[in-house]
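Listed here are the chains, written in short residue letters.
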Amino acid sequence: MSEGVPPAPEAARTVAVIGTGVIGAGWAAHFLAAGYDVVAWDPGPAADQRLTALVESAWPALERLGLRPGASRDRLRFADSLADAVADAHFVQESAPEVLDAKVKLLAELDAATPPGVVVASSTSGFAMSQMAAGTTTPGRFVVGHPFNPPYLIPLVEVVGGQHTGRAAVAWAEQFYTLTGKVCLTMDREVPGFVGNRLQEAMWREALHMIDSGQATVQQIDDSITNGPGLRWALMGPMLTFHLAGGPGGMAHMLDHFGPALAEPWTRLTAPELTPRLRDLVVAGVDESAGDEPVRQLEQRRDEFLVDLLLLLEKHRRA
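Given the structure is predicted, the values throughout are model-derived calculations rather than measurements. (Residues numbered from 1 in each chain as written. Predicted model: local features only at pLDDT ≥ 70, side-chain atom pairs only at ≥ 80, totals over all residues. Heavy atoms only, no water.)

It is worth spelling out the overall build of the chain at this point. Looking only at helices and strands, one finds 13 helices and eight strands in the chain. In terms of C-alpha radius of gyration, the chain reaches 21 Å, essentially the compact-globule figure of 20 Å for 319 residues. For the chain, with 319 residues in total, the buried portion stands at 38%. In the chain, the proportion of contacts linking residues at least 24 apart, taken out of those at least 6 apart, comes to 71%. In the form shown here, the chain has an accessible surface area of approximately 17,500 Å², with 58% of it arising from carbon and sulfur atoms. Here the chain contributes 25 positively and 38 negatively charged side chains, and the mean placements of these two sets differ by 4 Å. (Helix = DSSP H or I, 4+ residues; strand = E, 2+ residues; numbered from the N terminus. Rg over C-alpha atoms; globule rule 2.2 N^0.38 Å. Buried < 20%, exposed > 50% of the residue type's maximum accessible area, 1.4 Å probe, protein only. Contact = heavy atoms within 4.5 Å. Areas by Shrake-Rupley, 256 points an atom, 1.4 Å probe, with all protein chains shown as cover. Lys, Arg positive; Asp, Glu negative; His and termini not counted. Charge placed at Lys NZ, Arg CZ, Asp CG, Glu CD.)

And the structure:
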């Protein structure tokens, strides 16, 4: 690799995963299943053991979905230092905790340690790259690569640069992610909170309001989505779903006929205060809904379902 020039996306073979919590470890599993060498680093105690455990847990679902040629858990290595992790990296995926000052510091360290020209992506779920890259000397190679949990199964990744990110870096990241099996939502500008998160958060706020006011329980809220609109959204999303709601007239009829209902005071755009009472109501409701099933078992059931759903979507989606 010549100085300042990354390898072509199709020639990249080694990915550095920095931060191996739930998201970082999920990324590691994704890249391993796609046939890459993965070098991981996390300063937390026993981080290597937790990473190995998550990859082991995710592997059966990935095998069902279909491993790429060369995919192997043996291609995972845990580095002793950040510098060691990125020394031979062709791409870097950072997934450290969501603390802005820590992100700024870490990205500056990555900038100094990563070979020139190599694209560095952050899994941030809320910060803009313009904020996080403030301490870097070569901000042009830094992009956001925001995934959805679990990254090894949910295809979507939101790709967007900061004010000083080069167009080439965004294009490189988009092409690389696509080659690994991701579906990219590449943005022309920074969107506060990102697209998917903002839509999720709007529903989350509404759910908390209904729980707080006693209008609905945790179980009723989950049931309303899993047995209702969630089934349609997996294939078509909210906009195309509403297009069908307009009948032969499509979205035009939908907006003309139901548009006045948008003025009804049903929804609340501001979040409710997370009081101890509301917090306890939500926790108790989820505990009741989950029953005796531990989180790891719930994750495995989720993964089995997602694989079935992804295979079904592959059958029904347009090419």
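Take the pairing of strand β7 (residues 156-161) next. Within β7, five of the six residues are buried, which leaves it mostly tucked inside the rest of the structure. Note: strand β6 (residues 142-147) against β7, five bridges, orientation antiparallel. From the neighbouring strand, His146 faces β7, where its bridge partner is Glu158. Relative to strand β8 (residues 183-186), β7 is paired through four bridges, and the arrangement is parallel. Each residue of the ladder has a partner; that of Val159, found in β8, is Thr186. (Pairing = 2+ DSSP bridges.)

Moving on, we get to the packing of helix α7 (residues 195-213) against helix α8 (residues 218-226). Look at α7 against α8: their axes get within 10 Å of each other, and the N-to-C directions meet at 145°. With respect to the hand of their crossing, α7 and α8 are arranged in right-handed fashion. Contact with α7, carried on its side by Met203, Ala207, Met210 and Ile211, involves Val218, Ile221 and Ile225 of α8 and no other residues of that element. Of the residues assigned to the contact of α7 with α8, the class counts are seven nonpolar, no polar and no charged. (Axes fitted to C-alpha atoms, helices over the stretch in contact; angles between N-to-C directions. Left-handed = near helix turned anticlockwise from the far one by under 90°. Nonpolar A, V, L, I, M, F, W, Y, C, P; charged D, E, K, R; others polar.)

For helix α13 (residues 295-316), spanning 22 residues, the distance from its first C-alpha to its last is 31 Å, which sits close to the expected 32 Å at 1.5 Å a residue. Restricting attention to buried positions, one finds in α13 the residues Asp303, Leu306, Val307, Leu310 and Leu313. The arc enclosing the buried residues of α13, seen along the axis, measures out at 135°, which places them on a common side. Pointing more than 90 degrees away from the buried face of α13 are the exposed residues Phe305 and Lys315. Buried residues along α13 sit against α2 (47-65). (Expected span 1.5 Å × (residues − 1). Arc of directions from axis to C-beta.)

Here we take up the packing of aromatic side chains. Taken as a whole and assessed by the stated rule, the structure comprises eleven aromatic pairs. Following the ring pairs from residue to residue traces out a cluster consisting of Trp27, Phe31, Tyr36, Phe91, Trp172, Phe176 and Tyr177. The cationic tip of Arg13 hangs over the ring face of Tyr36; the distance from NZ or CZ to the ring centre is 4.4 Å. (Phe/Tyr/Trp six-rings, centres within 6.5 Å; stacked < 30°, edge-to-face > 60°. Lys NZ or Arg CZ within 6 Å of the ring centre and 35° of its normal.)

Turning next to the sheet that holds strand β3 (residues 76-78). The mixed open sheet is built from eight strands, whose spatial order is β3-β2-β1-β4-β5-β6-β7-β8. The open sheet is flanked by β3 and β8, the only strands paired with a single partner. Averaged over all adjacent pairs, the angle separating strand axes in this sheet is 25°, with direction ignored. In this sheet, strand β2 (residues 37-41) lies alongside strand β1 (residues 14-18) in parallel orientation, the contact comprising five bridges. Looking across to β2, one finds that Ala16 is bridged to Val39. Contacts from helix α1 (residues 22-33) reach β1, β2, β3, β4 (91-94), β6 and β7 within the one sheet, and its direction differs from that of β1 by about 170°.

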